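# Observations on chain architecture
What follows is each chain in one-letter form.
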Amino acid sequence: MTEVLEGGFGDKKTAFDSLSSVEFAGNKIPVEIYLQDAERNLLAMSRTARGVVDTSASAKKAESMTGVSGEAAADLAKQNFETAIREAYNNKEREFESPEDLRKFIESLAATVNSGIVKEGNLIRSSDSEKYPYVRIANLENYMNKFYQGLYERVQNPAADPIELAAFAEFGIDFGGHFFADGCGKTAKVVSSFMLMRHNHKLPEYKGGRSAYYANQLQQIAGEDEAADEAGYQKFLEYYKGLFWE
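One structure accompanies this document, and this report is about it. All figures in this text were calculated on a predicted structure; none of them were measured in a lab.

Procedures and definitions
Residues numbered from 1 in each chain as written. Predicted model: local features only at pLDDT ≥ 70, side-chain atom pairs only at ≥ 80, totals over all residues. Heavy atoms only, no water. Helix = DSSP H or I, 4+ residues; strand = E, 2+ residues; numbered from the N terminus. Buried < 20%, exposed > 50% of the residue type's maximum accessible area, 1.4 Å probe, protein only. Contact = heavy atoms within 4.5 Å. Areas by Shrake-Rupley, 256 points an atom, 1.4 Å probe, with all protein chains shown as cover. Axes fitted to C-alpha atoms, helices over the stretch in contact; angles between N-to-C directions. Parallel < 35°, antiparallel > 145°, perpendicular 65-115°, else oblique. Nonpolar A, V, L, I, M, F, W, Y, C, P; charged D, E, K, R; others polar. Core = buried A, V, L, I, M, F, W, Y, C linked by side-chain atoms within 4.5 Å. Phe/Tyr/Trp six-rings, centres within 6.5 Å; stacked < 30°, edge-to-face > 60°.

### Observations concerning the overall build of the chain
Counting its secondary structure elements, the chain contains eight helices and zero strands. Taken over 246 residues, the chain has a buried fraction of 52%. Excluding contacts between residues fewer than 6 apart, the proportion of contacts in the chain whose partners are at least 24 apart in sequence is 72%. A total accessible area of about 11200 Å² is found for the chain, and carbon and sulfur atoms account for 48% of it.

Here you go:
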């Protein structure tokens, strides 16, 4: 078998062109392959990983940030993301006792993603966005409770489709709730990767980059019209299914 990668992001001692992003029939996909594909996705989708720190989503966002910027922010984003992917991989056999237990785990991943970028005690988003239709702060806790209940029920279902699990997690964390002060896109991708890794499934490839991804953003404020939210999720799900190549 091809020699396994050593190290983490940026350390590709052996090419996995023919093996990366391929489901291993009957064998466990090693963490090194997940790291390689996660790095590809991070660099394709994260502005912070490319040295751009954007605080324009809301007037108070900058207040929750540590002030790190540019190259330092890019290094932190990549290091934190790798650590979070490893944490997710190491917990892929974990069973969750309740929606609250699942929430605690996901928030621990978000804290890892945001370490050194978001100030301590500022993990959860605390202001409305003037640019994007994320759920309003007044309804955020209720939205999060419903999301974690729904995700928990899906995780408990042994027949759940891993791609749908991943899409549900990514949509809810990033597009609907946008739960965290920063790093929602990165955290959403760590959690969606976690859902796929639990099923020994390959990761997606975000063809079309950010423009294709954000074309599936909700068109209305999340949490105010359940039918519209569901329609938005179904649109995202169809897009997400198309990110898996054979």
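### Some details on the packing of helix α3 (residues 99-113) against helix α4 (residues 137-156)
Interhelical geometry of α3 versus α4 gives an angle of 105 degrees and a closest axis separation of 9 Å. Taken together, the axes of α3 and α4 are roughly perpendicular relative to one another. Listed contacts from α4 to Pro 99, Leu 102, Arg 103, Ile 106 and Glu 107 of α3 are Glu 141, Met 144, Asn 145, Tyr 148, Gln 149, Leu 151 and Tyr 152. Class assignment for the residues of the contact of α3 with α4 results in seven nonpolar, two polar and three charged.

### Notes on unusual backbone geometry
Look at His 178: it is not a glycine, yet its phi comes out positive at around 45 degrees. Assessed through its relative accessible area of 13%, His 178 is described here as buried. The backbone of Asn 200 sits at a positive phi, close to 55 degrees, despite the residue not being glycine. Position of Asn 200 relative to the elements: it lies in the loop between α6 (184-197) and α7 (209-214).

### With respect to the environment of Thr 48
Here Thr 48 shows up in the loop between α1 (31-45) and α2 (70-90). Given a relative accessible area of 10%, Thr 48 falls into the buried group. Counting along the chain gives 21 residues from Thr 48 to Ser 69, while the straight-line C-alpha distance between them is 8.5 Å. Ignoring anything within four residues of it in the chain, the contact list for Thr 48 reads Ala 73, Ala 74, Ala 77 and Lys 186.

### What to know about the nonpolar core
In this structure, Leu 151, Phe 179, Met 195 and Tyr 240 are the most contacted members of the largest nonpolar core, which totals 63 residues. Contributing elements (two or more residues each) for this core: α1, α2, α3, α4, α5 (162-176), α6 and α8 (226-241). Per-element tally for this core: the top contributor is α5, with nine residues. Residue contacts for Leu 151: discarding those within four places in its chain leaves Leu 102, Ile 106, Leu 165, Phe 168, Ala 169 and Met 195.

### Considerations on the packing of aromatic side chains
To describe a pair of aromatic rings, one takes the distance between the centres and the angle between the planes. Applying the stated rule across the entire model yields 25 aromatic pairs. A ring pair is formed by Phe 96 and Phe 194, whose centres lie 6.2 Å apart and whose planes are at 80 degrees; its orientation type is edge-to-face. Note that Phe 96 is positioned in the loop between α2 and α3 and Phe 194 in helix α6, a separation of 98 residues in sequence. Phe 194 shares its class with Phe 96; the two are buried. Ring geometry for Phe 168 against Tyr 233: centres 5.9 Å apart, planes inclined by 85 degrees, an arrangement best described as edge-to-face. In this pair, Phe 168 is assigned in helix α5 and Tyr 233 in helix α8, connecting sequence segments 65 residues apart.

### Overview of the packing of α4 against α5
Remark: α4 packs on α5, axes separated minimally by 10 Å, with the N-to-C direction vectors making an angle of 170 degrees. Classified by the interaxial angle, the pair formed by α4 and α5 is roughly antiparallel. Contacts between α4 and α5 involve Tyr 143, Phe 147, Gly 150, Leu 151, Arg 154 and Val 155 from the first element and Leu 165, Phe 168, Ala 169, Gly 172, Ile 173 and Gly 176 from the second. Split by residue class, the contact of α4 with α5 holds eight nonpolar, three polar and one charged.

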